[in-house]
Amino acid sequence: MFKSTKIEYLPPNVFRRLEERKNKARQDGKYVIDCGTANPSGAPPAEVVRTLQKAVEVTENSHYAPSHGTREFREAIANWYRVRFDVEIDSESEVHTLLGSKEGLFNISLAYLGHRDVALIPDPSFPTYHDGAYMAGADIYRLPLRKENGYLPDLDSIPQFILKRSRILFLNYPHNPTGAMAPPEFIKEAIAFAKEHKMIICYDNAFSELTFDGKIAPSFLEYAGAKDVGIELFTFSKAFNMSGWRLAFAVGNRHLIGSLIECHAEAHTGMFPAIQLAGITALKDVWPTGFLAEQRKDYQRKRDYALHKFAQINWPVDKPAGAIYLWVPIPKRMTCEEFAEMLTEKYGLLVAPGIGFGDTGEGFIRMSMTCKYDDFERAVDYLCEAIQTLR
């Protein structure tokens, strides 16, 4: 059957492959521990669920909603940014509701990239940055992130002939998949860089509420000049255990927000109003409580267990400062794809091969910490056993 050339040559989607591998393992009778996808096992806040239950009974909430979100939800977002980050947001022109942050990360490329434009994409990084730019017809220039550079892109290393065509820089801290956080000096440098080279910054702040050891993640928009060049995206999926609800938003430069709204309106309608009401509850009523502190405590407990076990076998794994992943090097006897497949076949353990996040991901797997604690302990033990066998 005929396919468009864009679909034909689109790189395989790492998460779709993981879903296929998980389904096959279950069909074979295996108990699967899913550390491949970032799908929180915990329940959403009870208050959020109750809000949704009540809202779905209101007939008006079944009608079409504004493309860029209801006024009440946009105002709640602006208020949260004022309280959480001390950032002023115009709820009318600087906020856009998203059907999950993946939509915004994809559509920003459709809005701002075309043939022969360049997207600057960290490597490793969330695959949607690449996929949106690819579907927009742009060229990709990858910026390697390694331990020795603090998992920060070297902006000064980009050739001039690339900079002349560069239109967008993607950034994401706390970082998926390494868990690194960026120092303020780098964010300031990135803003000055974007201004100098007349490009925009798309800042994926999915994990601002999931940090460890008392660290607090800032908003990109806290920095002087950030709103002149960029937007920031936040999702309810991880912080509030609402991954299936597909609720997120973008905030920032009003022209970029306007372009996102235009793209959204062409392909989608507005978010179900009942879910937006639930989002208001999450920001206004749940965020000030201890819910997120418990989330951080749970993920840090898992992280610390894993790091302790890796230390016991003398295996070097960097300590993530935030996000919900471990970026684990693998024995050199296998590719990351082969190693990930072996883990599923032998142990029923699902992990994401690092190559799915970019070329520098070869030699690593990404291990999500979103499964239940008992399962996670078993997963770490299985992984350590496999490493010891193959090292």
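Details of the structure are given in the entry above.
Every value quoted in this text rests on a predicted model; they were computed, and no experiment measured them.

A. Geometry of a negative patch on the surface. A cluster of like negative charges, contributed by Glu-338, Glu-341, Glu-345 and Glu-362, occupies part of the molecular surface. Of note, Glu-345 is situated in helix H14 (residues 336-347).

B. Expanded view of the packing of H14 against helix H15 (residues 373-390). Packing of H14 against H15 brings their axes to within 11 Å, and their N-to-C directions diverge by 120°. Of the possible angle classes, the one that applies to H14 and H15 is oblique. Here H14 and H15 pass one another in a crossing that is right-handed. Residues Phe-339, Met-342, Leu-343 and Tyr-347 of H14 lie in contact with H15, whose contacting residues are Tyr-382, Leu-383, Glu-385, Ala-386, Ile-387 and Leu-390. A class-by-class count of the residues in the contact of H14 with H15 yields nine nonpolar, no polar and one charged.

C. Main features of the state of the cysteines. Scanning the model with the defined rule gives zero disulfides in all. No disulfide involves Cys-202; its sulfur sits 12 Å from that of Cys-263, the nearest cysteine. Given a relative accessible area of 1%, Cys-202 falls into the buried group. In this model Cys-371 remains outside any disulfide bridge; the closest cysteine sulfur is found in Cys-35, 3.8 Å from its own. The class for Cys-371 is buried, based on a relative accessible area of 8%.

D. Up close: the environment of Ile-140. Summarising the element assignment, Ile-140 is placed in strand S4 (residues 139-144). A sequence separation of 19 residues divides Ile-140 from Ile-121, and the C-alpha atoms of the two residues are 7.0 Å apart. Look past the residues within four positions of Ile-140 in its chain and what remains in contact with it is Ala-119, Ile-121, His-130, Ala-133 and Tyr-134.

E. Up close: the pattern of salt bridges. Per the stated rule, a full pass over the model turns up 25 salt bridges. Two residues, Glu-209 and Arg-84, come together in a salt bridge whose shortest N-O distance is 3.0 Å. Of the two residues, Glu-209 is situated in the loop between strand S6 (200-204) and helix H9 (226-229) and Arg-84 in helix H4 (residues 71-85); the sequence distance between them amounts to 125 residues. The exposure class of Glu-209 is buried, given its relative accessible area of 4%. Classification of Arg-84 as buried rests on a relative accessible area of 15%. Between Asp-139 and Arg-165 there is a salt bridge; the shortest N-O distance is 2.9 Å. Here Asp-139 is found in strand S4, whereas its partner Arg-165 is found in the loop between helix H7 (160-163) and strand S5 (166-171), with 26 residues between them in sequence. For Asp-139, a relative accessible area of 28% puts it in the partly exposed group. A single network of salt bridges, built from pairs that share partners, joins Asp-213, Arg-303, Asp-304 and Lys-319.

Each value, and the rule that gives it
- One numbering rule holds for all chains: residues counted from 1, following each sequence as written.
- Since the coordinates come from a predicted model, pLDDT governs what is reported: local features require at least 70, and pairs of side-chain atoms require 80 or more to be given and counted, while whole-chain, interface and lining totals use all residues.
- Only hydrogens and water are set aside when side-chain values are computed; all heavy atoms of the structure are taken into account.
- A patch consists of residues exposed above 30% relative accessible area that lack any salt bridge, with like charges linked at up to 9 Å and nonpolar side chains (Val, Leu, Ile, Met, Phe, Trp, Tyr) linked at up to 5 Å.
- With residues, only the protein chains shown are counted as cover, and all accessible areas are computed by Shrake-Rupley using a 1.4 Å probe.
- Any carboxyl oxygen of Asp or Glu that lies within 4 Å of a side-chain nitrogen of Lys or Arg is treated as forming a salt bridge with it.
- Note that His is not counted, nor are the chain ends; the positive residues are Lys and Arg, and the negative ones are Asp and Glu.
- Where a charge lies is defined by one atom per residue type, namely NZ (Lys), CZ (Arg), CG (Asp) and CD (Glu).
- The helix count covers DSSP runs of H or I at least four residues long, the strand count covers runs of E at least two residues long, and both are numbered beginning at the N terminus.
- A fitted line through C-alpha atoms serves as each axis, taken over the contacting stretch for helices, and the angle formed by two N-to-C directions is quoted from 0 to 180°.
- Reported orientations rely on four angle classes, namely roughly parallel under 35 degrees, roughly antiparallel over 145, roughly perpendicular from 65 to 115, and oblique for the rest.
- For a crossing to be left-handed, the near helix must be turned anticlockwise from the far one by less than a right angle; the clockwise case is right-handed.
- A contact between two residues is defined here by any heavy atoms of the two lying within 4.5 Å.
- Throughout, the ten residues Ala, Val, Leu, Ile, Met, Phe, Trp, Tyr, Cys and Pro are labelled nonpolar, Asp, Glu, Lys and Arg are labelled charged, and all others, Gly among them, are labelled polar.
- Throughout, a disulfide means two cysteine sulfur atoms within 2.5 Å of one another.
- Per-residue accessibility, obtained with a 1.4 Å probe over protein chains only, is compared with the maximum for each type, and a residue is labelled buried under 20%, exposed over 50%, and partly exposed between these values.

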